[in-house]
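Survey of secondary and tertiary structure
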Amino acid sequence: MSDTPTRIPLQSPLGRVRGLGSAKQGSHHWWIQRVNSVAMVPLMLWFIISVATMGGKEHAEVVAWIGHPLNATLLLLSIGLAFQHAASGMQVVIEDYTRSEMVRMAMILAVKAACALFGVLAAVAVLKIAI
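The structure contained in this document is the topic of the report that follows. (Residues numbered from 1 in each chain as written. Predicted model: local features only at pLDDT ≥ 70, side-chain atom pairs only at ≥ 80, totals over all residues. Heavy atoms only, no water.)

1. Considering the overall build of the chain
- For the chain, the count of helices and strands is five helices and zero strands.
- Scored against the burial criterion, the 131 residues of the chain give a buried share of 21%.
- Residue pairs in contact within the chain that sit at least 24 positions apart in sequence constitute 69% of those at least 6 positions apart.
- Per element, the accessible surface of the chain, about 9900 Å² overall, is 70% carbon and sulfur. (Helix = DSSP H or I, 4+ residues; strand = E, 2+ residues; numbered from the N terminus. Buried < 20%, exposed > 50% of the residue type's maximum accessible area, 1.4 Å probe, protein only. Contact = heavy atoms within 4.5 Å. Areas by Shrake-Rupley, 256 points an atom, 1.4 Å probe, with all protein chains shown as cover.)

So, in C-alpha cells, the structure goes:
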C-alpha cells in the first residue's frame, strides 16, 4: 500500500484527449476588464454631468464645448474605453454561450470589427469638431 495521494486531474477527459489546457489568458482578460471598468467610472460621471448641464444650449455652444482640448481628450478616452469594454464583454458572452468554434470565431471577429469601426467613426467625429 502506497502513501502517495491520488492525483485528481484538473482537466476534463475531452480536454485530455484533445490536448487542450488552460490558455493562460483568463486572468489577464479579467484584469483588463476590471481596470477598464474602474477607469470608465469617473469618465462616465463626467460625461453624464456635462451632458445634463448642457440641456437647452445652442448647437454652437455644444460644438465649442466639444472643441475644448480637455473635453475632446476626455471624450476620446471615453469612446476608446467604452468600445473596448463593449468588445471585451461581448467576447466573454460569445465564448461562454456559443458551441460551434467556427461560429464563435466569426462572431468575435464581427463584434471586434464593429466596435473598432464605430469607435473610429466616433473618434473622427470628435476630432473633426476639435481640430
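2. So, the side chain of N36
- Looking at where N36 falls in the secondary structure, it is placed in helix α2 (residues 26-53).
- Exposure remark for N36: the relative accessible area of 4% places this residue in the buried category.
- Ignoring sequence-local partners within four residues, the contact set of N36 consists of L81, Q84 and H85.

3. Some details on the pattern of salt bridges
- Applying the stated criterion to the full structure yields one salt bridge.
- The shortest N-O distance in the salt bridge between E101 and R104 comes to 2.6 Å. Of this pair, E101 and R104 are both found in helix α5 (residues 101-130), three residues apart, which corresponds to roughly one turn of the helix. (Salt bridge = Lys/Arg side-chain N within 4 Å of Asp/Glu carboxyl O.)

4. Notes on the nonpolar core
- If you look at the biggest cluster of nonpolar residues, it comprises eight residues: L43, W46, I66, A72, L74, L75, I79 and V126.
- Mapped onto this core, the elements with two or more residues apiece are α2 and α4 (69-97).
- With four residues, α4 is the largest single contributor of residues to this core.
- Ignoring sequence-local partners within four residues, the contact set of W46 consists of W65, N71, L74, L75 and S78.
- The next biggest cluster of nonpolar side chains, apart from the first, holds five residues, and it includes A87, I94, V111 and C115. (Core = buried A, V, L, I, M, F, W, Y, C linked by side-chain atoms within 4.5 Å.)

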